[in-house]
Amino acid sequence: MKLDREQAQSAHHSAHGLEAEYLQALRLVERLHRLLLDAIKGEFDRTGGSDLNAVQALLLHNLGSDELTAGELRTRGYYLGSNVSYNLKRLVELGYLHYKRSDLDRRSVRVSLTAKGEEISGMVRRLYRRQLRSLDSVGEITIGDLVDLNRILGRLERFWSDQIRYRL
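Everything numeric here is computed off the predicted structure, so don't read it as measured data. (Residues numbered from 1 in each chain as written. Predicted model: local features only at pLDDT ≥ 70, side-chain atom pairs only at ≥ 80, totals over all residues. Heavy atoms only, no water.)

With respect to the sheet that holds strand β3 (residues 109-113)
Inference 1: On the basis of which strands lie adjacent, the open sheet formed by three strands has the order β1-β3-β2 and antiparallel pairing. Either end of the sheet is taken by a strand with one partner, and the two such strands are β1 (68-69) and β2 (97-101).
Inference 2: As paired strands, β2 and β3 are joined by five bridges and run antiparallel to one another. Looking across to β3, one finds that Tyr-99 is bridged to Val-111. (Pairing = 2+ DSSP bridges. Helix = DSSP H or I, 4+ residues; strand = E, 2+ residues; numbered from the N terminus.)

And the structure:
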């Protein structure tokens, strides 16, 4: 009887610990994204500013040399946020993106970077490279740490995708 009570108590503490760690991980993922956007904004401030916000700059960087539709940007995870259409329209108006209608589906628009968009993508790439130079020495983050982190985040991404896809 005593063993059963101890096992139940241990399971309760374990479940509580799992919940606490899961919620902490969710907060960290959210906070890390905001910090990334702040770092990009800081880079704009250091390099003379821009007429873009950090989300738009990140979208340009993630698009890179690809030519995609708005839907593809969302499904590939290149864009976070609900107003992708607004940002794409704004980036076209400001001259950062080319757009062309699909030959197969005239409702579909494909976007790619202009030279101006490539400049912003390059700025984000240079920021990342500068950060890489001090990742180990200042951040105490090794390649092994990143391999482990990417493996775990990939599993979490699959878990959440399955939750959505299969309505679990």
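Regarding the nonpolar core
Inference 1: In terms of nonpolar packing, the biggest core is built from 25 residues, with Ile-40, Leu-52, Leu-60, Leu-73, Leu-88, Leu-97 and Ile-120 touching the most fellow members.
Inference 2: At the level of secondary structure, the elements contributing two or more residues to this core comprise α1 (2-46), α2 (54-63), α3 (70-75), α4 (84-93), β3 and α5 (115-135).
Inference 3: With six residues, α2 is the largest single contributor of residues to this core.
Inference 4: Setting aside residues no more than four positions away along its own chain, Leu-88 makes contact with Leu-59, Ala-70, Leu-73, Leu-97 and Val-111. (Core = buried A, V, L, I, M, F, W, Y, C linked by side-chain atoms within 4.5 Å. Buried < 20%, exposed > 50% of the residue type's maximum accessible area, 1.4 Å probe, protein only. Contact = heavy atoms within 4.5 Å.)

Overview of the side chain of Thr-114
Inference 1: Within the fold, Thr-114 resides in the loop between β3 and α5.
Inference 2: The buried category is assigned to Thr-114, whose relative accessible area is 9%.
Inference 3: The residues touching Thr-114, leaving out its near neighbours within four places in the chain, are Gly-95, Tyr-96, Leu-97 and His-98.

Structural notes on the confidence of the model for the protein
Any segment with low pLDDT has predicted coordinates that should not be analysed in fine detail.
Inference 1: Summarising the model, the protein shows a mean pLDDT of 88, and 90% of its residues fall at 70 or more.
Inference 2: Element-level pLDDT for the protein is lowest in α3, with a mean of 77, against a maximum mean of 96 in α5. (pLDDT = per-residue confidence, 0-100.)

Looking at α5
Inference 1: For α5, which comprises 21 residues, the first-to-last C-alpha distance of 30 Å matches the rise-based estimate of 30 Å (1.5 Å per residue) to within 8%.
Inference 2: Listed in full, the buried residues belonging to α5 are Gly-117, Ile-120, Ser-121, Gly-122, Met-123, Val-124 and Leu-127. (Expected span 1.5 Å × (residues − 1).)

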